[in-house]
Amino acid sequence: MRLKRTVTCGQLTTANINQEVILNGWIATSRDHGGVIFLDLRDRYGKTQVTFNPDQTPELAVEAKRLGMEDVIAVRGMVRARPDGNINSTMPTGEIELIVSELEVLNEAQPLPFLVSDRESGSEDLRLEYRYLELRTEELQKIMAMRSKTYESTRRRLSAEGFMEFETPVLMKSTPEGARDYLVPSRIHKGRFYALPQSPQTYKQLLMIAGFDKYFQIVKCFRDEDLRADRQPEFTQIDIEMSFVDQDDVIGLATRIARGIFKDILDYELPETFPTMSYKNAMETYGSDKPDIRFEMELIEFARYAEKTDFAVFKDNLAAGGRVKALVLKKAADKYSRKVTDDLTAWLKTYYGLKGLAFVKLEQSDFSAGISKFFPDDLQKKIVSDLGLEHNDIVFFVSDTGPRTLQSLGALRLELAKRENLIPKDIISPLFVLDFPLLDWDEDSQRYIAMHHPFTSPNPEDIELMESDPGKVRARAYDLVINGYEVAGGSIRIHTREMQSRMFELIGMDEAEAQARFGFLLKAFKYGAPPHGGIAFGFDRLIMLLAGTENIRDVIAFPKTTSAASLMDEAPSWVDEHQLKELHIKLLD
RNA sequence: GGGAUCGUAGUUCAGUUUGGUUAGAACGCCGGCCUGUCAAGCCGGAGGUCGCCGGUUCGAGCCCGGUCGGUCCCGCCA
């Protein structure tokens with residue numbers, strides 16, 4: 001190219017007046033007045049108005065006339081102060097303009113599928129097809145810059161703390177536990193497959209055994225499961241592992257990393273230590289293992305009142321070992337007509353398998369509507385006084401099996417908070433959830449499965465329960481939850497062969513199977529494995545919080561749709577027959 | 001695997017309730033006018049397999065069945 005930029009489109013000010021400069025960039029808008037022509041030239045640093053004046057350069061004005069949006073040009077010119085009354089105070093470069101003396105058209109753009117100046121001007125599938133254009137929008141340019149700064153902040157802090165950065169294999173052995181693996185067929189080994197890592201879990205443990213006591217990696221992970229607004233099939237983790245540490249050391253480091261990132265990127269001060277809550281408490285109080293604690297509205301234990309009511313559903317469920325819990329929405333009963341409560345009930349039925357949702361409204365200090373007639377007067381008075389109920393409050397009741405009661409009331413808590421705008425924006429509320437159960441009973445396979453993963457160490461206080469009451473054993477596992485998002489999760493690992501074998505046994509994996517699947521790790525444990533533990537941050541979710549978006553596709557340069565397809569390059573795609581043949585693969589159907 | 005919802009010019013949408021002449025608007029695009037705008041303005045023009053397949057009907061953008069794709073949710077995500 002002839003005219004290489006000497007400055008960017010975001011940096012010229014009145015200090016540069018009378019300097020000759022060259023700008024390169026995309027045309028954001030053009031304003032043709034028949035005589036004078038204005039172009040706003042854009043690059044990722046900003047926009048500058050460049051002006052073509054037919055009195056001075058008539059031949060350039062003719063050429064500029066046919067330029068349109070998103071053409072790429074280079075211009076040489078003199079920086080001038082804009083005439084009086086023509087200053088644009090909404091842009092940083094609004095006091096100056098570039099009077100063009102030389103123009104090089106680098107590339108012209110076809111008519112655009114949507115406006116780069118307005119991200120809402122195209123539907124999401126169209127924007128994904130032309131993702132490189134969407135990435136030119138101001139919003140995504142900012143988020144990508146934020147993401148880049150976060151990589152940098154993370155690396156700088158971990159390096160300063162003495163961590164070594166590693167790369168671990170992307171082609172690895174398939175692990176049966178956990179999420180579905182993405183598989184890669186081996187050409188050389190007929191009928192065998194590599195798997196893409198769900199996480200580099202085993203490798204980082206082996207690096208601990210190798211003596212690299214502080215490891216980290218910013219790494220892609222792959223899980224072949226169905227997607228959500230905050231889940232992509234490939235996503236990024238800040239993966240961390242440390243030797244000779246206990247839970248508090250890992251939590252301390254995770255706190256410093258999170259504090260550092262929010263300080264560096266948003267200049268937001270998180271507390272020096274984050275609050276903690278047990279898994280049990282989180283479930284009982286918020287109906288979630290990742291509670292959003294930006295607002296109160298806690299779940300209330302209601303069994304002691306429910307048993308004194310005349311409501312058969314409560315009594316039957318309690319007798320059957322179920323639960324009754326309640327949720328109070330303050331000062332909003334008038335907004336919850338029969339239709340609204342019916343809709344909420346239908347929603348809970350559909351998604352959480354709940355049989356019903358009961359409620360009462362407060363009319364002055366008396367129960368009204370819903371199931372109020374099942375509450376004797378003296379019981380009403382006691383509840384009103386115990387719970388501090390006031391006029392126009394509405395109390396929702398859920399009664400079902402324990403887990404279903406907690407989960408659905410937790411979902412209702414979030415839904416009501418959204419409807420009533422109870423969630424304060426601009427607040428970031430971190431929380432460590434601790435003492436997760438080691439195991440989870442799986443109805444389908446009628447066995448225990450590891451709740452976190454099978455390398456998670458049991459809490460030493462509960463080890464004696466491992467065989468007698470496995471469901472009660474707590475793990476040394478911890479999650480960092482921010483604003484209701486699971487942002488990081490980790491555990492202290494098992495580091496002895498004996499304990500690892502006991503764990504495999506608990507989840508119904510016999511010695512032969514354990515050998516076949518994790519023999520390499522069990523073998524390594526025999527050669528001096530140090531006590532170790534770690535944590536992994538969901539990097540994309542962290543960026544979501546920093547950017548204030550609820551969609552993970554906003555923070556990934558080239559994301560996939562909810563059917564795990566890329567609309568831009570049309571992956572996944574069919575492959576040639578000979579490619580399949582080389583891989584010894586034959587398609588059914 | 002299940003549920004909800006959306007699909008109409010290049011794009012964003014209206015039209016679907018109640019089937020009926022030539023499917024509209026805005027932005028973008030093309031042409032013309034216009035020398036200080038910054039979402040420039042004014043005038044004109046081109047642009048449609050109403051996602052796709054089938055059905056009902058004299059007649060379907062509109063009703064019915066199926067299908068494909070986007071989004072959100074449940075299951076799933078150690």
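The rules behind each value
Residues numbered from 1 in each chain as written. Chains lettered and ligands numbered in written order. Predicted model: local features only at pLDDT ≥ 70, side-chain atom pairs only at ≥ 80, totals over all residues. Heavy atoms only, no water. Helix = DSSP H or I, 4+ residues; strand = E, 2+ residues; numbered from the N terminus. Buried < 20%, exposed > 50% of the residue type's maximum accessible area, 1.4 Å probe, protein only. Contact = heavy atoms within 4.5 Å. Near = heavy atom within 4 Å. Polar contact = N/O pair within 3.5 Å; in protein donor to acceptor, adjacent residues only side chain to side chain. Nonpolar A, V, L, I, M, F, W, Y, C, P; charged D, E, K, R; others polar. Axes fitted to C-alpha atoms, helices over the stretch in contact; angles between N-to-C directions. Parallel < 35°, antiparallel > 145°, perpendicular 65-115°, else oblique. Left-handed = near helix turned anticlockwise from the far one by under 90°. Pairing = 2+ DSSP bridges. Salt bridge = Lys/Arg side-chain N within 4 Å of Asp/Glu carboxyl O. Phe/Tyr/Trp six-rings, centres within 6.5 Å; stacked < 30°, edge-to-face > 60°. Lys NZ or Arg CZ within 6 Å of the ring centre and 35° of its normal. Core = buried A, V, L, I, M, F, W, Y, C linked by side-chain atoms within 4.5 Å.

Colleague: Describe the overall build of chain A, and please don't skip the residues or the numbers.
Modeller: When helices and strands are tallied, chain A shows 17 helices and 22 strands. Along the first, second and third principal axes, the C-alpha set of chain A runs to 90 × 70 × 55 Å. Here chain A, with 589 residues, has 49% of them falling under the buried criterion. Of the contacts formed within chain A by residues at least 6 apart in sequence, a portion of 67% connects residues at least 24 apart.

Colleague: Let's hear about the protein's contact with RNA strand B: which residues, and what values?
Modeller: In the vicinity of RNA strand B there are 51 residues, among which D55, S121, A450, H452 and T562 approach most closely. Here G34 contributes a backbone N or O atom positioned 3.1 Å from a base nitrogen of RNA strand B. With respect to RNA strand B, the backbone of M451 contributes an N or O atom lying 2.7 Å from a sugar or linking oxygen. Counting residues per element, the ones that place at least two in the surface near RNA strand B are β1 (20–32), β2 (37–43), α2 (124–129) and α10 (338–352). When the residues that make up the surface near RNA strand B are grouped by side-chain class, the tally is 15 nonpolar, 21 polar and 15 charged.

Colleague: Describe in detail the packing of helix α4 (residues 138–160) against helix α16 (residues 539–547), supporting the description with residues and values.
Modeller: Between α4 and α16, the least distance of the axes is 10 Å, while the angle of their chain directions is 120 degrees. Considering their axes alone, α4 and α16 lie oblique with respect to each other. Viewed along their axes, α4 and α16 form a crossing whose handedness is right-handed. Counted together, I143, M146, R147, T150, Y151 and T154 of α4 and F539, D540, I543, L546 and A547 of α16 form the full contact between these two elements.

Colleague: Report on the sheet that holds strand β4 (residues 72–81), specifying residues and quantitative values.
Modeller: With respect to topology, five strands assemble into a closed barrel ordered β1-β2-β3-β5-β4, the strand pairing being mixed. Within this sheet the neighbouring strands show an average axis-to-axis angle of 55 degrees, counted without direction. Two strands pair when backbone bridges link them, and β4 and strand β5 (residues 96–107) are joined in this way by ten bridges, in the antiparallel orientation. Considered in β5, the bridge of R80 is made with E97. Sitting on the sheet, helix α1 (residues 58–65) is in contact with β1, β2, β3 (46–52) and β5, with an inclination near 65 degrees to β5.

Colleague: Pulling in residues and values, what's your account of the pattern of salt bridges?
Modeller: This structure, assessed with the given rule, holds 50 salt bridges. R31 is paired through a salt bridge with D40; the nearest N and O atoms lie 3.0 Å apart. A salt bridge links E134 to R131; the nearest nitrogen and oxygen atoms lie 2.7 Å apart. Pair noted here: E134 and R131 are both in helix α3 (residues 131–134), with a separation of three residues, about one helical turn.

Colleague: Before we move on, could you go through the sheet that holds strand β16 (residues 394–400) and cite the residues and values that matter?
Modeller: Pairing within the open sheet is antiparallel, and its five strands lie in the order β12-β13-β16-β14-β15. Looking at strand neighbours, the two that pair on one side only are β12 (300–301) and β15 (366–368), the edges of this open sheet. Sheet contacts for helix α11 (residues 377–387): β12, β14 (358–363) and β15; angle to β15, the most-contacted strand, approximately 105 degrees. Across the sheet, helix α12 (residues 402–419) is in contact with β13 (323–329) and β16; its angle to β13 comes to roughly 10 degrees.

Colleague: Can you tell me about the packing of aromatic side chains, naming the residues and giving the values?
Modeller: Scanning all chains against the criterion turns up 20 aromatic pairs. Seen from their ring centres, F302 and Y305 are 5.1 Å apart, and the 50 degrees between their planes marks the pair as tilted. Considered together, F302 and Y305 belong to a single accessibility category, that of buried residues. On the numbers, 4.8 Å between centres and 85 degrees between planes, the contact of F311 with F314 is edge-to-face. What makes F314 buried here is its relative accessible area of 1%. Three or more aromatic residues joined by ring pairs form one cluster here, namely F302, Y305, F311, F314, F367, F374, F375 and F397. The ring of F295 carries the charged tip of R413 above its face, separated from the ring centre by 3.9 Å.

Colleague: Give a detailed account of the pairing of strand β22 (residues 532–538), specifying residues and quantitative values.
Modeller: Most of β22 is tucked away, with seven of its seven residues classed as buried. Both faces of β22 are covered, namely the face carrying H532, G534, A536 and G538 and the face carrying G533, I535 and F537. With seven bridges connecting them, strand β10 (residues 234–243) and β22 associate as antiparallel partners. Within β22, the residue paired with I238 across the bridge is F537. Examined bridge by bridge, strand β21 (residues 485–492) and β22 share five bridges and lie antiparallel to one another. Residue A488 lies in a different strand from β22, and its bridge partner there is F537.

Colleague: Explain unusual backbone geometry to me, and be specific about the residues and the numbers.
Modeller: Trans peptide bonds make up the majority, and among non-glycine residues the majority have a negative phi. The amide bond that connects A571 to the next residue, P572, takes the cis arrangement and shows omega of 0 degrees. Here P572 shows up in the loop between α16 and α17 (577–582). Of note in this structure, Q364 is not a glycine but carries a positive phi near 55 degrees. Take Q364: it is sitting in the loop between β14 and β15. Of note in the backbone geometry, D426 takes a positive phi value of approximately 65 degrees without being a glycine. Position of D426 relative to the elements: it lies in the loop between α12 and β17 (430–434). Note on D426: relative accessible area 74%, which makes it exposed.

Colleague: Please provide a residue-by-residue account of the nonpolar core, values included.
Modeller: Considering soluble globular proteins, one finds that nonpolar side chains tend to be buried as a cluster. Core analysis: the biggest nonpolar cluster contains 56 residues, and L327, Y336, F396, L412, L416 and F504 have the highest contact counts within it. Sorting elements by how many residues they give to this core places helix α15 (residues 511–525) first, with six residues. With sequence-adjacent residues up to four places away left out, L416 is seen in contact with M297, L327, L329, Y336, L344 and F396. Listed in part, the 44 residues of the second largest apolar core include L270, F432, L542 and L545.

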